[in-house]
Amino acid sequence: MKTKKTAQILAVSVLGLVLSGVAGPAMAADGPGDGSGDGIDVSVKIEPTTTPGQLSMTVADNNGVSLTENGSDAAARQFTGTLPTVTVSDTRNPEDIPAGEFWAVVGQSSQFVAADDPAKTIGPQYLGWKPRLLSDSSTGAVSAGEPVSSVISDGTGAPEVGLQGQELLVSTANSSDEIGTSKVNADLALRTPVDVAAGEYHSTLTLSLFNQT
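Residues numbered from 1 in each chain as written. Predicted model: local features only at pLDDT ≥ 70, side-chain atom pairs only at ≥ 80, totals over all residues. Heavy atoms only, no water.

## As for the environment of V161
Defined as follows: Here a helix means four or more residues in a row that DSSP labels H or I, a strand means two or more in a row labelled E, and each is numbered from the N terminus. Contacts are assigned to residue pairs with any non-hydrogen atoms lying within 4.5 Å of each other.
As for its placement among the helices and strands, V161 is situated in the loop between strand 10 (142-144) and strand 11 (167-172). Measuring from C-alpha to C-alpha, the distance between V161 and S150 comes to 6.0 Å, with eleven residues separating the pair along the chain. Once residues within four sequence positions are removed from consideration, V161 is found in contact with Q125, V148, S149, V151 and E167.

Given below as structure tokens:
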């Protein structure tokens, strides 16, 4: 199963209403003789409908990520920002999860295209990230992905491949080991050639949740 979301997704909350009711006493028809009768109380208790647990991903409300120049050097111009918080919620019962099942969230960027001239582009290989787990992992089963550098090295030794392919943001090796909510974000760093053309560029960072055995 795979779910895709872009970084500009609004989380939607659905509220369920539970209706409960009790029927009033049913009055018998007038009996013979003195016209009196006995009422029989009829009642029913309706339990709330149970919703099966599920695995889902949401992205915090956001207006996109605006990268600003920070840390440029002789090798590259660098622009940084922070990915909105991504939440993975698993409300399933551990016993209902198949043995060996795991989930992972990966991210992949499209190329940056200049608003004033579509011919001016910056490839997704120039955008790197450093994922960061924001919530505690009670078992250590949930972990953030490894950093990925632009193809112009950031000097950290991270793989210099950028986000042109699907790169890991967060994952668990075994879904049943830890049930609950995990939150993660990432430091983004766009490192371009020093002679990059001026302009306002836009890209889409797509996040996908995989759940498989």
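Continuing now.
## Some thoughts on the sheet that holds strand 7 (residues 112-114)
Rules: In this analysis, strands are considered paired if DSSP registers two or more bridges between them.
Strand order in the open sheet formed by three strands is 8-7-13, with antiparallel pairing between adjacent strands. Here the strands that pair on one side only, and so sit at the sheet edges, are strand 8 (121-122) and strand 13 (201-202). Where strand 7 meets strand 8, two bridges bridge the pair, whose relative direction is antiparallel. For F112, the partnering residue across the bridge sits in strand 8 and is I122.

## Details of the pattern of salt bridges
To keep things clear, this is the line we draw: A pairing counts as a salt bridge when a side-chain nitrogen of Lys or Arg comes within 4 Å of a carboxyl oxygen of Asp or Glu.
For the coordinates displayed, the defined rule picks out six salt bridges. When the shortest N-O distance is used, the salt bridge between R77 and E69 registers 2.8 Å. Ionic contacts of the salt-bridge type, sharing partners, join the residues D90, R92 and E101 into one network.

## Examining the pairing of strand 5 (residues 86-90)
Worth spelling out the cut-off: With a 1.4 Å probe rolled over the protein chains alone, any residue whose accessible area is under 20% of its type maximum counts as buried; one over 50% counts as exposed, and the rest are partly exposed.
Counting buried positions along strand 5 yields four of five residues, so the element is predominantly enclosed. Note: strand 2 (residues 55-59) against strand 5, five bridges, orientation antiparallel. Residue pairing in the sheet places V59 in a bridge with V86 of strand 5. For strand 5 and strand 12 (residues 180-192), the ladder comprises five bridges, and the chain directions are antiparallel. Along strand 12, the bridge assignment pairs T87 with K183.

## Digging into the nonpolar core
Counted only if it meets this: In plain words, nonpolar cores are sets of buried Ala, Val, Leu, Ile, Met, Phe, Trp, Tyr and Cys residues tied together by side-chain atoms within 4.5 Å.
V86, W103, V105, W129, L169 and L207 are the most contacted members of the largest nonpolar core, which totals 30 residues. Secondary structure elements with two or more residues in this core: strand 2, strand 5, strand 6 (102-109), strand 7, strand 9 (127-133), strand 11, strand 12 and strand 14 (205-212). Examining the composition of this core, we find that four residues originate from one element, strand 12, more than from any other. The contact partners of W103, leaving out residues within four places of it in the chain, are L55, V88, D90, V142, V170, S171, T172, S175, S182, L209, F210 and N211.

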